[in-house]
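This is what each chain is made of:
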Amino acid sequence: MWREAVEEGQGRPGEAEVKKAPEDGWIQVQPPKDGPLLRLLGGELDDGEAEGIALAVEVGAGLLLLDETQARKRAGLVGLRVTGTLGLLVRARKEGRIDRLRPVLDRLRRESLWIGDRLYRRALEGVGEEP
């Protein structure tokens, strides 16, 4: 995931923040050790998703952030609880960590993340904002 977000994501939104996060102490970069699981997942998923799932299994993560549908299905098969970017943002809005969800979703749609119209409306309605 580090490689995807920082090395391959140079210049993309969020790259600088993720790159600085280990220094700030809120991200720990750790490669997975379970080679067989990683190889099994790597045959079906991108490296970042496969590594994320393998590491989450190894450390017993309570929640894994994944957006790709196939990766979410695989994570569920090995007993992991998952949420996506929208789920994380909806939670942040409900907890008052962000004032409004719509501008954040609009920026994501413009710059980096495909969000379908139906999901966009559901997320906004879920926090009481007009779609």
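1. Structural notes on the overall build of the protein chain
Item 1. Within the protein chain one finds 8 helices and 2 strands.
Item 2. Reading the helices (α) and strands (β) of the protein chain from amino to carboxyl end gives α-α-α-α-β-α-β-α-α-α.
Item 3. Based on the C-alpha atoms only, the size of the protein chain along its principal axes is roughly 45 × 35 × 25 Å.
Item 4. Here the protein chain holds 131 residues, and 30% of them are scored as buried.
Item 5. Per element, the accessible surface of the protein chain, about 8800 Å² overall, is 49% carbon and sulfur.
Item 6. With 22 positive and 24 negative side-chain charges, the protein chain shows a spacing of 5 Å between the two charge centroids.

2. Some points on a negative patch on the surface
Item 1. Together, Glu4, Glu7, Glu8, Asp46 and Glu68 give the surface a local cluster of negative charge.
Item 2. Take Glu7: it is sitting in helix H1 (residues 2-7).

3. Topic: the nonpolar core
Item 1. Formed by Leu37, Leu41, Leu45, Ala50, Ile53, Ala54, Ala56, Leu64, Leu66, Ala71, Ala75 and Leu80, the largest nonpolar core amounts to 12 residues.
Item 2. Elements supplying a minimum of two residues to this core: helix H3 (35-42), helix H4 (47-59) and helix H5 (69-77).
Item 3. No other element matches the 4 residues that H4 contributes to this core.
Item 4. Discounting residues that sit within four places of it in the chain, Leu37 has contacts with Ala54 and Val57.

4. Overview of the environment of Glu49
Item 1. With respect to the helices, strands and loops of the structure, Glu49 is situated in helix H4.
Item 2. Classification of Glu49 as buried rests on a relative accessible area of 13%.
Item 3. In this structure the C-alpha to C-alpha distance between Glu49 and Leu65, which are 16 residues apart in sequence, comes to 9.5 Å.
Item 4. In contact with Glu49, not counting residues within four places along its chain, are Glu4, Leu66, Glu68 and Ala71.

5. Describing the side chain of Thr83
Item 1. With respect to the helices, strands and loops of the structure, Thr83 is situated in strand S2 (residues 82-83).
Item 2. On the basis of relative accessible area, Thr83 is assigned to the buried category, the value being 17%.

6. Observations regarding the pattern of salt bridges
Item 1. Taken as a whole and judged by the stated rule, the model has 8 salt bridges.
Item 2. Across the pair Arg91 and Glu95 runs a salt bridge whose closest N-O atoms are separated by 2.9 Å.

7. Some details on the side chain of Glu15
Item 1. Considering the arrangement of structural elements, one finds Glu15 in helix H2 (residues 15-24).
Item 2. Despite its burial, Glu15 pairs with no opposite charge, the nearest such side chain being Lys19 at 4.4 Å.
Item 3. Ignoring any residue separated from it by four or fewer positions in sequence, one finds Glu15 in contact with Ala5, Val6, Gly9 and Gln10.

8. Describing H4
Item 1. Over its 13 residues, H4 runs 18 Å from end to end, which matches the ideal 18 Å to within 8%, given 1.5 Å per residue.
Item 2. The inward-facing, buried residues of H4 contact H1, H3, strand S1 (64-65) and H5.
Item 3. The first or second residue beyond H4 is Gly60, which carries a positive phi of 70 degrees.

Here is what the cut-offs are and how they apply
Residues numbered from 1 in each chain as written. Predicted model: local features only at pLDDT ≥ 70, side-chain atom pairs only at ≥ 80, totals over all residues. Heavy atoms only, no water. Helix = DSSP H or I, 4+ residues; strand = E, 2+ residues; numbered from the N terminus. Buried < 20%, exposed > 50% of the residue type's maximum accessible area, 1.4 Å probe, protein only. Areas by Shrake-Rupley, 256 points an atom, 1.4 Å probe, with all protein chains shown as cover. Lys, Arg positive; Asp, Glu negative; His and termini not counted. Charge placed at Lys NZ, Arg CZ, Asp CG, Glu CD. Patch = residues over 30% accessible without salt bridge, like charges linked within 9 Å, V, L, I, M, F, W, Y side chains within 5 Å. Salt bridge = Lys/Arg side-chain N within 4 Å of Asp/Glu carboxyl O. Core = buried A, V, L, I, M, F, W, Y, C linked by side-chain atoms within 4.5 Å. Contact = heavy atoms within 4.5 Å. Expected span 1.5 Å × (residues − 1).

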